[in-house]
Number of protein chains: 2
Amino acid sequence: MTTDVTSRAQEAYDALVAQGMKLDLTRGKPSAAQLDLSVAMLGLPGERYKAADGTDTRNYQGLQGLTELREIFAPVLQVPVEQLIAFGNSSLELMHDTLVHALLSPLPGAERRWVDEEKVVFLAPVPGYDRHFAVCDRLGIELLAVPMTSEGPDMDVVERLVAADPSIKGIWCVPKYANPDGVVYSDEVTRRLASMPTAASDFRIMWDNAYAVHHLTDEAVEVADVLALAAEAGHADRPFVFGSTSKITLAGAGVAFLGASPANVKWWLALTGKRTIGPDKVNHLRHALFFGDAAGVAAHMEKHRALIAPKFAALEKVLTENFADTPGVSWSTPKGGYFVTLTVPEGRATRIVQLAKEAGISLTPAGATHPGGDDPADSIIRLAPTFPPLDEVEKAMAGVAVCVHLALAEAS
Amino acid sequence: MTTDVTSRAQEAYDALVAQGMKLDLTRGKPSAAQLDLSVAMLGLPGERYKAADGTDTRNYQGLQGLTELREIFAPVLQVPVEQLIAFGNSSLELMHDTLVHALLSPLPGAERRWVDEEKVVFLAPVPGYDRHFAVCDRLGIELLAVPMTSEGPDMDVVERLVAADPSIKGIWCVPKYANPDGVVYSDEVTRRLASMPTAASDFRIMWDNAYAVHHLTDEAVEVADVLALAAEAGHADRPFVFGSTSKITLAGAGVAFLGASPANVKWWLALTGKRTIGPDKVNHLRHALFFGDAAGVAAHMEKHRALIAPKFAALEKVLTENFADTPGVSWSTPKGGYFVTLTVPEGRATRIVQLAKEAGISLTPAGATHPGGDDPADSIIRLAPTFPPLDEVEKAMAGVAVCVHLALAEAS
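Definitions and limits used
- Residues numbered from 1 in each chain as written.
- Chains lettered and ligands numbered in written order.
- Predicted model: local features only at pLDDT ≥ 70, side-chain atom pairs only at ≥ 80, totals over all residues.
- Heavy atoms only, no water.
- Contact = heavy atoms within 4.5 Å.
- Buried area = accessible area lost by both parts, 1.4 Å probe.
- Salt bridge = Lys/Arg side-chain N within 4 Å of Asp/Glu carboxyl O.
- Polar contact = N/O pair within 3.5 Å; in protein donor to acceptor, adjacent residues only side chain to side chain.
- Nonpolar A, V, L, I, M, F, W, Y, C, P; charged D, E, K, R; others polar.
- Pairing = 2+ DSSP bridges.
- Helix = DSSP H or I, 4+ residues; strand = E, 2+ residues; numbered from the N terminus.
- Axes fitted to C-alpha atoms, helices over the stretch in contact; angles between N-to-C directions.
- Domains from an automatic or database assignment.
- Core = buried A, V, L, I, M, F, W, Y, C linked by side-chain atoms within 4.5 Å.
- Buried < 20%, exposed > 50% of the residue type's maximum accessible area, 1.4 Å probe, protein only.
- Right-handed = clockwise from strand over helix to strand, strands pointing away.

An unreviewed UniProt entry annotates chain A as Aminotransferase originating from Pseudonocardia abyssalis.

(A) Quick look at the interface of chain B and chain A. The partner chain A presents 58 residues to the 58 residues of chain B that form the contact. Summing both sides of the interface, chain B and chain A together bury roughly 4700 Å²; the carbon and sulfur share of this comes to 53%. At the boundary of chain B with chain A, the tally comes to six salt bridges. A salt bridge links Arg275 of chain A to Glu93 of chain B; the nearest nitrogen and oxygen atoms lie 3.6 Å apart. The interface formed by chain B and chain A holds 24 residue pairs in polar contact (both at pLDDT 80 or more) in total. A per-class count over the side of chain B that touches chain A returns 26 nonpolar, 16 polar and 16 charged.

(B) Inspection of the sheet that holds strand S8 (residues 239–244) of chain B at higher detail. Residue and element names in this part refer to chain B. Spatial ordering of the open sheet is given by S2-S9-S8-S7-S6-S3-S4-S5, a layout of eight strands whose pairing is mixed. Two strands lie at the open edges of the sheet, namely strand S2 (84–86) and strand S5 (152–153), each paired on one side alone. By the bridge criterion, six bridges tie strand S3 (residues 121–126) to strand S4 (residues 142–149) in an arrangement that is parallel. If you follow Leu123 over to S4, its bridge partner there is Leu144. In the packing of helix H4 (residues 91–104) onto the sheet, contacts are made with S3, strand S6 (168–173), strand S7 (204–208), S8 and strand S9 (256–259), and the angle to S8 comes to roughly 155°.

(C) Structural view of the domain arrangement of chain A. All names here are of chain A. Per the domain assignment, the segments of chain A are domain 1 (2–28 + 298–411) and domain 2 (45–292). Taking only C-alpha atoms into account, the centre of domain 1 sits 30 Å from that of domain 2. Taken together, the contact between domain 1 and domain 2 spans 24 residues of the former and 28 residues of the latter. Approximately 2300 Å² of surface area, both sides summed, lies buried where domain 1 meets domain 2, with 61% of it carried by carbon and sulfur atoms. When the buried surface of domain 1 facing domain 2 is broken down by residue, Met301, Arg305 and Lys335 rank first, second and third, together holding 27% of it. Inspection of the domain 1/domain 2 interface yields three salt bridges. Across the pair Glu219 and Lys335 runs a salt bridge, and its minimum N-O distance is 2.8 Å. Applying the counting rule to domain 1 against domain 2 returns twelve residue pairs in polar contact (both at pLDDT 80 or more). At the level of secondary structure, the elements contributing two or more residues to the side of domain 1 that touches domain 2 comprise helix H11 (294–323), strand S11 (340–343) and strand S13 (380–383).

(D) Summary view of the nonpolar core. Counting 90 residues, the largest nonpolar core has Phe73, Val158, Leu193, Trp207, Leu342 and Leu363 of chain A as the members making the most contacts within it. Here this core gathers at least three residues from each of two domains, domain 1 (2–28 + 298–411) and domain 2 (45–292) of chain A. Not counting chain neighbours up to four residues away, the residues in contact with Leu193 of chain A comprise Met155, Val158, Ile171, Cys173, Tyr185, Ile205, Trp207 and Arg238 of chain A. Of all hydrophobic cores here, the second largest spans 89 residues; its members include Tyr211, Val223, Val344 and Ala356 of chain B.

(E) Highlighting the sheet that holds strand S10 (residues 330–331) of chain A. Residues and elements named next belong to chain A. Pairing within the open sheet is antiparallel, and its three strands lie in the order S10-S11-S13. Where the open sheet ends on each side, the last strands, each with one partner, are S10 and S13. Pairing analysis gives two bridges linking S10 to S11, with the strands arranged antiparallel. Opposite Trp331, over in S11, you have Leu342 as the bridge partner.

(F) Examining the side chain of Ser244 of chain B more closely. All names here are of chain B. Secondary-structure assignment places Ser244 in strand S8. Ser244 gets classed as buried once you look at its relative accessible area, which sits at 14%. Among the polar contacts made by the side chain of Ser244, one reaches the main-chain amide nitrogen of Ser246 at a distance of 3.0 Å. Residue contacts for Ser244: discarding those within four places in its chain leaves Ser91, Val255, Ala256 and Phe257.

(G) Layout of unusual backbone geometry. Across the junction of Val126 of chain A and Pro127 of chain A, the peptide omega takes the value 0°, indicating a cis bond. Across the junction of Asn179 of chain A and Pro180 of chain A, the peptide omega takes the value 10°, indicating a cis bond. By the secondary structure assignment, Pro180 of chain A is in the loop between strand S6 (168–173) and helix H7 (187–195). Backbone geometry at Asp378 of chain A places phi at a positive 45°, although glycine is not the residue there. Secondary-structure assignment places Asp378 of chain A in the loop between strand S12 (361–362) and S13. What makes Asp378 of chain A buried here is its relative accessible area of 16%. Although it is not a glycine, Gln78 of chain B sits at a positive phi angle of roughly 55°. Relative to the helices and strands, Gln78 of chain B resides in the loop between helix H3 (67–77) and S2.

(H) Broad picture of the pattern of salt bridges. Residues and elements named next belong to chain A. Within this structure, the stated rule accounts for 46 salt bridges over all chains. The partner of Asp97 in a salt bridge is Arg275, with the nearest N and O atoms 3.6 Å apart. Here Arg275 lies in the loop between helix H9 (262–272) and helix H10 (281–291) and Asp97 lies in helix H4 (residues 91–104), a separation of 178 residues in the sequence. According to the relative accessible area criterion, Arg275 is buried, its value standing at 3%.

(I) Structural detail: the pairing of S6 of chain B. Residue and element names in this part refer to chain B. Counted residue by residue, S6 has six buried out of six residues, so it is predominantly covered. Examined bridge by bridge, S3 and S6 share three bridges and lie parallel to one another. Within S6, the residue paired with Leu123 across the bridge is Ile171. Both S6 and S7 contribute to a ladder of four bridges, which runs parallel. Each residue of the ladder has a partner; that of Gly170, found in S7, is Arg204. Chirality of the crossover, the property in question, places the unit of S6, helix H7 (residues 187–195) and S7 among those that are right-handed.

(J) View of the environment of Val404 of chain B. All names here are of chain B. Considering the arrangement of structural elements, one finds Val404 in helix H13 (residues 390–411). Sequence-wise, Val404 and Ala356 are 48 residues apart; in three dimensions their C-alpha atoms are separated by 8.8 Å. In contact with Val404, other than residues within four places in its own chain, are Phe323, Leu342 and Ile352.

The following block contains the structure:
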């Protein structure tokens, strides 16, 4: 590239910095307008507190969560009602606590507690979700990166690893509209995950179906039923399915779900019954009344889509206009979820994030999508357009494009 | 005792069984009438969702919990606002999770994680709370019973044990209106707990102030400020203070609190930040709006007292009428809390609970107040009169008296 190009890129960047922006594309948070969609919940359940079965939701007990709410989310999460647990306000909590339970009490099928293993390793398809990785780091579980393909984790790699090494105890999966690359697992990938031989007798799939109903197009993409496939393959206890209403109703005040085999559910409830008398069933009732049924959930998600699809479109537009013909620059065009993955030439991601930061645009740190915060190629940037208003997304993305141009020019 | 007495007791018992009762004095649950006191909460926060500092309570974040709610409960729990965490719906959860954190990450002052200790032992003042014991059992923490006195744990015993044995890492305390004997810790006991030398550098007091404002008399009993005393004694990190609104607002949908030293709070939040993005702040706001201030909490507790004090009085009346002059039978007359402890002659508690069960009256299993469910003297029965309506409490207690008479006659 010529010096001329570099100096034009530098000029554009200087102009960007001069604007003194303060914009944020870091986290997958719903916007205030999205939260407004659920404002009616703030007055619920009103005077009512009895569940359909007569349970006084105000009192103690009900460890598995309110039946009518589990009935609504059972089809959404592809889990039979009796195998679905409705719990607190965070699915991350459920994932963390499930691993804590496995560390301190043998899982169904386990020979021992995981703290008594020499080491415990989880496979981390990359790019992936930094909070999954942080849970493992915190609990002393090692992460081993495996590559993603356009259909899910590279199953040739996964199958080879799990067949050989009994210390590999699990894999993180976001099967639909994956964080951050928007990938949807193919039925074949799901089938292979559910049926592959594993050296560990207590191998688990952490199936974080965080975006089950979070479509961005007319197509309500479906994934295969991992619990059913695992049971058919003789590995009923392999999947733990997670989901929540955090990006459906209120991000901090939603309801999280855990689904699994009868043996896993029994194990989980027995341990959790020592920890608490039960979850907040009033919030369960609040949600059940708000939705009515699974169709109510789908209808509600259409309203979210109307608010956030234009933000993804704005992002796509800026990227296409700027980088359609730029070698080494590509991006995901997800059909749902909360993120776009921007791939830049090797070694440029950190620089772009730094340039953006200095121009007042916060991006997720480069490397966050990889275990240990280390993307060996330094080429992946996660963009999260949902939280800021549309005009700020447009401004921020125009700014990001300027940063990418300069970072590429610097390296040329 | 004469055969005549025995046969009269048997006749009375047979008549009791013939009534076919189905009554329950097992658990410390609020009654429906108590829950009705907080029915206005079910419509809160209404349209409002902004906290005093502008936080949108509907969205993610705010790991320490809403400031205005912490401000209300800071004086209630004797914890400075900045050292108080407002969290989920269960203080038992907070206790469990704090011990999990200590098992998996070194506490401030610890040499290693507790899972890496040869063994970890907690002192359990007896009679005590079965759910405390169950948390330890579940986590592989051994329990060592120490006797209660009328002023709290027998501190001569406690001091001797903790000074000698570094594997003793903690003690369970319910300092006010203790479960189940209603004991209030004297200032001297609290001072000794806060200042005693311990062989373990990471010794902790699990200060479960579950009944901080749950008075049954005009006297609002106070206990000493354990955090302040510990800090003065150079052991700032020793106490973890717990509390909740479970028996103030809605038993299943309240807010739980954790208070501790700045170092402990920092440690706890850092670990918890890997587990969740934050607690349900809408429920925090709901509670803050409902109470207004600490005086609002006290006023609300007066209404609870009006409902439950008569139930304790009914229980006391039956016991006095039947056993005022019976050798070996005594009971607590708590000034607050949720329980009465009935002490019967050695070896009779299990028999009484069994007789009551066969007459349709559920009592907490004898021994539940002791580690491993084993009361060596088999003489302690925990009575919980809050949940049933007053007339049922009266009937159930009359029935219990019949069972005690028969069990004593059988042993005479």
